[in-house]
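# Structure assessment
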Amino acid sequence: MVLLLASALAAAAPAMPLLSDFNHKAWGVLDGAPVDVMKFAQTTDGWLWIATPTGLWRYDGVRFERVDSVYGHPLQSNILIGLAATPDGALLVGYQLGGVSVFRKGYTRTYTEADGLPNGIVYHIEPAPDGSVWVGTRSGAARLLPGGGKVEQLGANVGLPELSVFQILFSRNGTQWIATIEGMYYRRPGASNFTPAWPHTQLYAMGEAPDGTIWACDPHNDYYRVSTSQPGKASASARPELKGRGMRFDRDGVMWLLLNEGIERKLDFGPSSPAQKLTPQNGLSGSTPGAIFQDREGSIWIGTATGVDRLRPNRLKPVLPELQLEGPAMLHGPAGELWIGDIWNGLRSVNPDGTSRLVENGRIGASHWAGDGTLWYSWNKALRHRTLDGKVTAIAPPDGFKNRLMHAIQSTRHGDVWVSYHGRDLFKVVNGVWIRDGGLQGMPREMTTSMAMDAQGTVWLGHANNTISLVSEQEQGSTLKRLDGSNGLGAGIIMQLYRDGNAMWVGGERGVYLYRDGRFAALEGKNNEVFRGVSGIVRLPDGELWLHGADGIYRINAGAVAAWLQDSRTAVDFERFDALDGLRGHAQQLPSNPSLMRTRDGQLWFTTDYTVASIDPSHVRRNPVPPPVYIRGAESGGKKFLVDDVKALVLPKGSKQLTISFTALSLSIPERVRFQYRLVGLEDQWEEPVGRREAYYTNLPPGNYRFEVIAANEDGVWNTQGAALDISIPPTFVQTPWFMLLVALGIALLGYAAYQLRVRVIKRRMQETFWARMAERSRIARALHDTLLQSVQGLIMTFQSFANKYEPGSRERERMEKSLDMAEQLLTQGRDQIMDLRASSSSDDLGLTLGEFGKGQAEHGAHAFSVRITGTPCRLRSKAYEEIYAIGREALFNAARYAEADNIWLELHYTPRLFTLKVKDNGRGLDHQTLSSGQSPGHWGLVGMRERAESMKAQLSILSQPGEGTEVVLTVKARNAYEG
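For clarity, every value in this text was computed on a predicted model and none was experimentally measured. (Residues numbered from 1 in each chain as written. Predicted model: local features only at pLDDT ≥ 70, side-chain atom pairs only at ≥ 80, totals over all residues. Heavy atoms only, no water.)

### Some words on the overall build of the chain
For clarity, the threshold we go by: Secondary structure elements follow DSSP: runs of H or I of four or more residues count as helices, runs of E of two or more count as strands, with numbering from the N terminus. Our radius of gyration is a C-alpha quantity, and the globule rule it is checked against amounts to 2.2 Å times the number of residues to the power 0.38. Per-residue accessibility takes into account occlusion by the displayed protein chains alone, with areas from the Shrake-Rupley method and a 1.4 Å probe. Positive residues here are Lys and Arg, negative ones are Asp and Glu, while His and the chain termini are left out of the count. To locate a charge, take atom NZ for lysine, CZ for arginine, CG for aspartate or CD for glutamate.
Helix and strand counts for the chain come out as 10 helices and 71 strands. The C-alpha atoms of the chain give 56 Å as radius of gyration, which overshoots the globular expectation for 980 residues (30 Å, by more than 25%). For the chain, the computed accessible surface area is about 47000 Å², with 51% contributed by carbon and sulfur atoms. Charge centroids of the chain, computed over 104 positive and 102 negative side chains, lie 1 Å from each other.

Laid out in C-alpha cells, this is it:
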C-alpha cells in the first residue's frame, strides 16, 4: 500500500516541515477573500470558482471577485453549496433551496423539481466518466443525462435510499461510491443496483488513496477504510484509523486531512506531527476548514471559516530545517559531500537524503581546498591544515591575532597559503611563518575579501575598494599588479572571485564582471538588472551560469551566456528564484565562504544568513500550463464597459481616453506572470507592462482598433493566442471629413476676409497717400497758376500793349505778334500741365476728378461749367476708370478749346444696369464733314475716344448740329463698368 511505502520512505528520510516544502499564502476578509467556503472548482478556461452560502466567487490569481452571473447568465440564487466543473468546460452550481444551473459560454439551463430533480439542498455535484452528471440532494440522487436533456431520479429503483445523498465518487477501477445519511453504497462496473458498503454507518467526505482504498469519515470526525464487505469475522466492529473531517489525495498520492483546528499533511500512520500541520497559529486563514482542492498547476487550496489559503510546492529544498542556523558556511567534504557549519551547531556532513551527522563541534570559518587535495580552514579562529590521510595540523596565528576571525584563505602552487583577517590584515604563511602582505610593497590597505588562483597560478586578491591585486610568483620573486576601475572594474566591494577556465568572474556589491583579454566586462540583465550583492557564482559544465545575490538566485542559460560572451553589450535574459520559490533571506554579504556551491552530484547549495537551501538544476519544478488570457473590462470617459465574451466594443462618439483591464489565469505564481499588449491601428510594437494588468491610452482619434494581449506564466510558457477585442470609436461631427472640409472652407474664407481687409487697409493707406499727393499737386498747380501763369499772362499783356504801338503790317509788329503767339502757346501748354497736376486717378471719385478738370478749363476760358451726378456712385473697374476718365477729359478739353461755348455740362449717371457719361456744350457745333468722318483733319482726339470705348465694349455717340452745340454720350454696361 502507498501509505506503507510512504512510511518506509519516511523512516529513511525525515520529512521536511510542511511550510518548508510549500509556499503558503492566506487571504482574509480584509484582502477581499470569501469566507465559509463550501466548495472549489476550476473550469477549463482557468477560473477558480468558490461556492459560499453568500454567493459565488471567482479568482484570477490577483483578486477575488463575487459574481452574480456566469458567462453573462444570472444565478438563480446566491445561497450555494454544490459546485463542480466538467471536462468540457461547463460550471455547475447547486443551490441550498434546490436546483442546479449549468453554465456554458453562450448557454445556460437550470434544472428544478419540475424537471425531475429531487427537491431540497444540493449537497454534491459529480461529473461522471460517461459525460453525465450526478447530483446528491436532501431528497436523494439524480443523474443529468448527457446532452443536457433529461433528469433521471435514482432511488429505490437502483437500490439507493431516497434521503440525503452527501457525496458521489467514481473510483479509478470504475466502481461508484455514494455516501448517504443511511451509510455508504457502491456499484461495480456493469451492475444495475447499488449495494451497502461496510462499515454500516453514516459516512461522508470520501477520498480515494493511490492504492484504491476508499476512506470516509463519520459525524464524529473518525475516518474508516470503506470496503465492499465486512472483513474478518461477522462480529468484528469497524475501527477508525484517522481523525479528520475531510480528506484529499494530491497528484503525488499524499494524503491531506481537514481537521477542526486546521489541515495536516499525512505522510504516515504515526502520531500527528505539528511540523506537518497548518493552523491559525502558524498562518492558516481560519479554523474549521470546509473545502480542499488541487488546481491544475498543482497548488493546494483550502477554504476556512474566515478565508482562503494556498499551498504551492517550493522549488528550493530547505536543508537542516530542524536546526536553528546562524551564519552558516559551506565547504566540500573529503568524499565530495557537503559540510555545513555555523556558530552553534558545529560542523555537520549532509547526506543526499537530507540527513546529517556531526563531524566536529566548533566553529568553522574560511576554508579552501588546495590543488594537492589538502584542506586549509579556519577552526575556532585558528588555522588548520588537513592532509590526504585525514591528519589535521594546527598552525598558531601571528601574535595578537588569537581572537581574530579569518575571512579568506588561498593556497599557492608552492604550498604556501594566503590568509586575510576581518579588518585590514593580510598574511602569507610560508613554512609556518606569517609574513605580512607576503613581503610585498604596495599592497592595498583595505580588507582582502576574496581570493582565487587563475590557470597560470597567479593569486587574485579581491579588496573592499573595487580593487584586485594579482600576485605572480616567479624564480626571481613575487610581483604585484593592480586591477581597478581603470580596467573597467565597477563591482565595489569584491565578494567572490570565481575561476572559469582562463577567465575570472568577479561578484561584488554593485554587480558581476568577467575579466578576459585584459579588460573587465559588466554583466547586465534585461530590465536594467545589475545582479547586485553577488557572493556566490557557479558555472555548470553545460555553460549555464548561476549567481546568488542580494536580490535572489539567478539562472542564466547557456545560450544567453554564450551570446553575452560574443557581445558583452547584450543584456542577458535570466530567471530569478526568491522567496516565492522558498528562499528565505538573501545571499550573505561578505561571507567567509561562497554563498553558492555545487557538489559532485550536480546539486546546487545556497546559504543565507540563517538558512541553507538546495536545488537540482537539471530538475527544476516547472509549470507547463500556458495561462488563459482574458480582457476583464474597459473604461472610457468615466464609463465602464463589461466585455466578458464580447468580441467588439463600440465606444461613445468622441472618446479619447481608454483603459483596458486584462488578466491571465495563472494561479501558481501570479506575481511573475508577464504580459504583452498592443493596440493595432495605433501601434504595431508589443508593450510589456511591469506590475500592472491595465493598458492606458489617451488622445485616441476616431477609428477602428484591435486590442491584443498575450501572457506567459512564471516559467515563460506563453499563451500566444491570448485575447483580443475589436474597438470602434465613432467620430463626432467635428471629427468627420465633412467638418474638416467645412473648417478648411471656413479657414479659407477667413483667410480671404483677412486678405480683403488687408487690401482695404492697404488701399485706404494708398488713397490717403494719393490724396496727400493730389493735395500737394493741387497746391503746386495753384501756386504755378497764381504766380507763374499770371506773371506770364501779365507779360503777354504788357508786350501786347507794346506791339499795339507799331503800325499794323509793320515788320516789327509782325515779329512781336509771332512772339506773342508763341507765348500764348506756351501759356496754354502750361495751363494743360497744371490741369494734369490737378487731375486724380482714383476710381472712387470720377465726378470729382473730371469736375476738377472741367473747372480748371473754365478758369482760363470764357464759359461756365457745371457737374451733375445721379444715382449712387459705384467703384469703377480700374481699366474702365482709366478709359472713361480719358474719354471724359478729351470731351471736356475739346468743348473748352474749340466749341466757343457759353456753357459746358458734365453729367454722370449711375444705374444698376448702365453707367452713362455725358459732356454737352452750347457752342458752334461740329461741321458735317467732321461728324461724318469721325475726326478733324490733323486731329485724332475723336478717333482715340472711339477706340477707348470699343476696348471696354461701350457705346460712344456724338450728337451735334452747326450752331447748336455738341453732346458726347458714353454708355457702359454695369458688368463692364463696376467692380464686383
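### Description of the side chain of Asn-23
To keep it simple, the criterion reads: The contact criterion used is simple: two residues touch if any of their non-hydrogen atoms lie within 4.5 Å.
The residue Asn-23 is located in strand 1 (residues 22-28) in this model. Apart from residues lying up to four places away in sequence, Asn-23 is in contact with Arg-310, Leu-311, Arg-312, Asn-314, Ala-579 and Leu-580.

### So, the sheet that holds strand 48 (residues 494-500)
Definition in use: Two strands qualify as a pair provided DSSP detects at least 2 bridges between them. All axes here are fitted lines through C-alpha atoms, helices being fitted over the stretch that makes contact, and every angle between N-to-C directions spans 0 to 180 degrees.
One open sheet accounts for 4 strands, arranged 48-49-50-51; its pairing is antiparallel. On the outer flanks of this sheet lie strand 48 and strand 51 (519-523), each paired with one strand and no other. Neighbour-to-neighbour, the strand axes of the sheet open up by a mean angle of 25°, direction not taken into account. Here 5 bridges tie strand 49 (residues 503-508) to strand 50 (residues 511-516), and the two strands are oriented antiparallel to one another. Each bridged residue has a counterpart across the sheet, and for Met-504 the counterpart in strand 50 is Tyr-515.

### Concerning the packing of helix 6 (residues 846-859) against helix 7 (residues 878-898)
Put simply, the rule reads: Orientation labels follow simple angle bins: below 35 degrees gives roughly parallel, above 145 gives roughly antiparallel, 65 to 115 gives roughly perpendicular, and whatever is left gives oblique. What makes a crossing left-handed is the near helix being turned counterclockwise from the far one by less than a right angle; a clockwise turn instead makes it right-handed. Gly counts as polar in this scheme, as do all residues outside two lists: the nonpolar Ala, Val, Leu, Ile, Met, Phe, Trp, Tyr, Cys and Pro, and the charged Asp, Glu, Lys and Arg.
Two elements in contact, helix 6 and helix 7, have axes whose closest approach is 10 Å; the angle formed by their N-to-C orientations is 20°. Between helix 6 and helix 7, the crossing angle belongs to the class labelled roughly parallel. At the point where helix 6 passes helix 7, the crossing takes the right-handed sense. Judged by residue contacts, Leu-846, Thr-849, Leu-850, Phe-853, Gly-854 and Gln-857 of helix 6 engage Tyr-881, Ile-884, Tyr-885, Gly-888, Arg-889, Leu-892, Phe-893 and Ala-896 from helix 7. A per-class count over the contact of helix 6 with helix 7 returns 9 nonpolar, 4 polar and 1 charged.

### Focus: the environment of Lys-39
Spelled out, the test is: Burial status follows relative accessibility: with a 1.4 Å probe on protein chains alone, a residue under 20% of its type maximum counts as buried, one over 50% as exposed, and anything between as partly exposed. Two N or O atoms form a polar contact when they lie within 3.5 Å of each other; inside protein one atom must be a possible hydrogen donor and the other a possible acceptor, and for residues adjacent in sequence the pair counts only when both atoms belong to side chains.
When you line up the elements, Lys-39 lands in strand 2 (residues 39-42). Look at Lys-39 and you get partly exposed, because its relative accessible area is 23%. Note: C-alpha distance between Lys-39 and Lys-277 (238 residues apart in sequence) is 21 Å. When near neighbours in sequence (up to four residues on either side) are disregarded, Lys-39 contacts Trp-49, Ile-50, Ala-51, Ile-81, Leu-83, Tyr-123, His-124 and Ala-291. Among the polar contacts made by the side chain of Lys-39, one reaches the main-chain carbonyl oxygen of Tyr-123 at a distance of 3.2 Å.

### Thoughts on the nonpolar core
Selection criterion: Grouping buried Ala, Val, Leu, Ile, Met, Phe, Trp, Tyr and Cys residues that are joined through side-chain atoms within 4.5 Å yields what is termed a nonpolar core.
Within the largest apolar cluster, 37 residues are counted, with the highest numbers of intra-cluster contacts made by Leu-846, Ile-884, Phe-915, Leu-917 and Leu-970. The set of elements that each furnish at least two residues to this core consists of helix 6, helix 7, strand 68 (903-910), strand 69 (914-921), helix 9 (941-951), strand 70 (955-960), strand 71 (966-973) and helix 10 (974-977). With 9 residues, the single largest contributor to this core is helix 7. Leave out the neighbours within four places in its chain, and Ile-884 touches Leu-846, Leu-876, Phe-915, Leu-917, Met-952, Leu-970 and Val-972.

### A look at the environment of Phe-606
Among the secondary structure elements, Phe-606 is positioned in strand 57 (residues 604-607). We classify Phe-606 as buried; its relative accessible area is 1%.

### With respect to the UniProt feature "transmembrane region" (unreviewed entry) in the chain
Quick reminder of the rule: UniProt positions are given in the numbering used here, feature names are shortened, and annotations may be inferred rather than shown by experiment.
Per the UniProt record, the feature "transmembrane region" (unreviewed entry) sits at residues 738-757. Counting secondary structure, residues 738-757 comes out at 100% helix and 0% strand; the distance between its end C-alpha atoms is 28 Å.

### Quick word on the sheet that holds strand 64 (residues 694-697)
Judged by pairing direction, the sheet is antiparallel, and its 4 strands sit side by side in the order 60-59-62-64 without closing on themselves. A single partner strand is all that each edge strand has here, and the edge strands are strand 60 (639-642) and strand 64. Between one strand axis and the next, the sheet turns by 20° as a mean value, whatever way the strands run.

### So, a nonpolar patch on the surface
Which entries qualify depends on this criterion: Within this analysis, patches are made of residues with over 30% relative accessible area and no salt bridge. Like charges are joined at 9 Å or less; nonpolar side chains (Val, Leu, Ile, Met, Phe, Trp, Tyr) at 5 Å or less. Within this document, salt bridges are pairs made up of a side-chain nitrogen of Lys or Arg and a carboxyl oxygen of Asp or Glu, the two lying within 4 Å of each other.
On the surface, Phe-733, Val-734, Trp-738, Leu-741, Leu-742, Leu-745 and Leu-749 cluster together into a nonpolar patch covering about 780 Å² of accessible area. Residue position: Leu-745 is located in helix 4 (residues 737-803). Judged by relative accessible area, Leu-745 falls into the partly exposed class, the value being 48%.

### Regarding the pairing of strand 36 (residues 364-369)
Burial of strand 36 is extensive: 5 of the 6 residues sit out of reach of the surface. Here strand 36 pairs with strand 37 (residues 375-379) via 4 bridges, running antiparallel. Opposite Ile-364, over in strand 37, you have Trp-379 as the bridge partner.

### Topic: the side chain of Asp-454
Locating Asp-454 in the fold gives a position in the loop between strand 44 (448-453) and strand 45 (459-463). Put simply, Asp-454 is tucked away with no salt bridge, and the nearest opposite charge, on Arg-413, sits 6.3 Å away. Of note is the side chain of Asp-454, whose polar atom sits 2.9 Å from the side chain of Trp-460. Sequence-distant contacts of Asp-454, that is, excluding residues within four places in its chain, are made with Trp-460, Arg-499 and Met-504.

### So, the domain arrangement of the chain
Filter applied, for reference: The domain boundaries here were taken from an automatic or database domain assignment.
Along its sequence, the chain is organised into domain 1 (35-230 + 239-255), domain 2 (629-734), domain 3 (737-814) and domain 4 (843-977). Put simply, the middle of domain 2 and the middle of domain 4, counted by C-alpha atoms, are 84 Å apart.

### A few points about helix 6
Spelled out, the test is: One less than the residue count of a helix, multiplied by 1.5 Å, gives the span that helix is expected to have.
Along its 14 residues, helix 6 runs 20 Å from first to last C-alpha, staying within 8% of the 20 Å computed at 1.5 Å per residue. In terms of burial, helix 6 is a largely internal element, 10 of the 14 residues being buried. Those residues of helix 6 that sit buried are Leu-846, Gly-847, Thr-849, Leu-850, Gly-851, Phe-853, Gly-854, Gly-856, Gln-857 and Ala-858.

### Remarks on the pattern of salt bridges
One pass over the structure, following the stated rule, counts 44 salt bridges. Among the ionic pairs, Arg-315 bridges to Asp-715, the shortest N-O distance being 2.8 Å. Of this pair, Arg-315 sits in the loop between strand 30 (307-313) and strand 31 (317-319) while Asp-715 is found in the loop between strand 65 (703-712) and strand 66 (718-729), placing the two residues 400 residues apart along the sequence. The salt bridge partner of Lys-879 is Glu-883, with a shortest N-O separation of 3.1 Å. In this pair, Lys-879 and Glu-883 are both assigned in helix 7, 4 residues apart and thus about one turn of the helix distant. Taking relative accessible area as the criterion, Lys-879 reaches 52% and is therefore assigned exposed. Of the residues examined, Glu-883 reaches a relative accessible area of 7% and is grouped as buried. Members of the salt-bridge network, linked through shared partners, are Arg-315, Glu-544, Arg-555, Glu-575, Asp-578, Asp-581, Arg-622, Arg-672, Glu-714 and Asp-715.

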